[in-house]
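Fold and geometry: a report
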Amino acid sequence: MVPAIHGNVKPGFEPIAKAFEDAFADQPQMGASLHILIEGETVADLWGGVADARDGRMWEKDTPTTIFSCTKGLVSILAARLVEEGRLDYAAPVARYWPEFAAAGKANVTVGEALAHKAGLSAPRADLSEDDIVDWDCVASILAEQEPLWELGAGYQYHAITFGWLAGEIIRRVTDKSVGSYFRELVTGPLGVDAWIGLPTELADRPAHIRVSQPLIDLWAEEAKRPAPNWPYKAMTLGSALPVDLVSETGGFNAQRIRAAEIPGAGGIASAEALATMWSAVVTPTRGVRLLSDDTIAAATRVQSHGQPIFGAEPPYSRWGYGFQLDSEARRYLGEGCFGHDGAGGQVGFADPRRQIGFGFVTNWMMGPEDRRATAIIEVLRQLL
């Protein structure tokens, strides 16, 4: 049974509402929201379902949820803005800003390579605990000291969680602010949106409670059977720090201790409206804010990593700019030139510079490779445009 869908779409965008409603088919525990802006104006604002199946709390217009790797796209906006201001250089060694990073043969790794998943640090060699990952300096030091997992220059491997500490520490060294603080100063404060990297304690009860579908549980159970060292598996768990699905009923990113920590590879929290508004502001003035120039976007979204990753995977493969996920067979947006980032379990946020679109879809019902909820909505939007 499909729950009541709330909100509205502008005339001509009614098929978007139908596609959003279809996303709830056979998903009784699901909550979700969708927001789309074109030229800074909202054309779709929809929400429905259950925010917390444990107590029946319903999803509201402004319900935020953990957006997982969508956070990487937001962190990449911060880095790109520093490049635009001349405070950061994609071609410079990371060690120019973070001298300790030069250890263990990493002296020549550039900022751009770190953002493009080429730093050789997709997983920690050490087994990290939950106590470790809520301690920023602890993880940053471990990664700075670590020997790369592969010969640098040989290729890329998606840095599922570690990306956030690498990019975030670079940002911290340049700005003298934590990544969450700089995010608030540059993005969420000026835009007035509900998004955080490091959720304040007084807002602990606001996010949706996340659950995982059985196909995704089964997928990771099979992955766990692979012989060690299984670096893609450890890239998700970091040792014993996180469940491989990233959440349990009361743990992982369902725990306020984790949500309060700044974990910018996966720990951002946002509403769909916030996600869409931030991406809109990257490409067109939105609420009086424009975050990046066209020239900065062009430089930041040139393809840096593509094809089969170092530790292997089945196609289709994603493409990456300097931290930004680009349109590809693995993640279809609206066509060439679009960029953003998706997140575990179905989250999607992206921008289309040509059409001046900001898009945000978030959900608390995590699905696996069969998930087409956001993809189907994007396909309908492409047809309408």
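Residues numbered from 1 in each chain as written. Predicted model: local features only at pLDDT ≥ 70, side-chain atom pairs only at ≥ 80, totals over all residues. Heavy atoms only, no water.

This paragraph deals with the environment of Gln256. Here Gln256 lies in helix α11 (residues 256-260). Placed 252 residues apart in sequence, Gln256 and Ala4 show a C-alpha to C-alpha distance of 29 Å. When sequence neighbours within four positions are dropped, the list of residues in contact with Gln256 reads Leu199, Pro200, Thr201 and Ala204. Within the local environment of Gln256, its side chain forms a polar contact with the backbone oxygen of Leu199, the two atoms lying 3.2 Å apart. (Helix = DSSP H or I, 4+ residues; strand = E, 2+ residues; numbered from the N terminus. Contact = heavy atoms within 4.5 Å. Polar contact = N/O pair within 3.5 Å; in protein donor to acceptor, adjacent residues only side chain to side chain.)

Turning our attention to empty space enclosed by the protein. According to the stated counting rule, one finds 1 cavity of 30 Å³ or more in the structure shown. Space inside the largest cavity adds up to approximately 40 Å³. Considering the residues around the largest cavity, the lining is formed by Gln29, Val50, Ala51, Asp52, Ala53, His209, Arg211, Asn364 and Trp365. The element best represented in the lining of the largest cavity is strand β3 (residues 41-52), accounting for 3 residues. Looking at side-chain class alone, the lining of the largest cavity contains 4 nonpolar, 3 polar and 2 charged residues. (1 Å grid on protein atoms, 1.4 Å probe; cavity = no way out; pocket = protein on both sides within 12 Å on 5 of 7 lines; lining within 4 Å. Points joined across faces, edges and corners; volume = space filled by probe spheres on them. Nonpolar A, V, L, I, M, F, W, Y, C, P; charged D, E, K, R; others polar.)

To continue, consider the side chain of Thr286. On the secondary structure map, Thr286 appears in the loop between α12 (272-283) and α13 (294-300). Accessibility expressed as a relative area gives 2% for Thr286, which makes it buried. Side-chain polar atoms of Thr286 contact the backbone nitrogen of Ala281, separated by 3.5 Å. Excluding residues within four positions of it along the chain, Thr286 makes contact with Leu37, Gly40, Leu191, Thr277, Ser280 and Ala281. (Buried < 20%, exposed > 50% of the residue type's maximum accessible area, 1.4 Å probe, protein only.)

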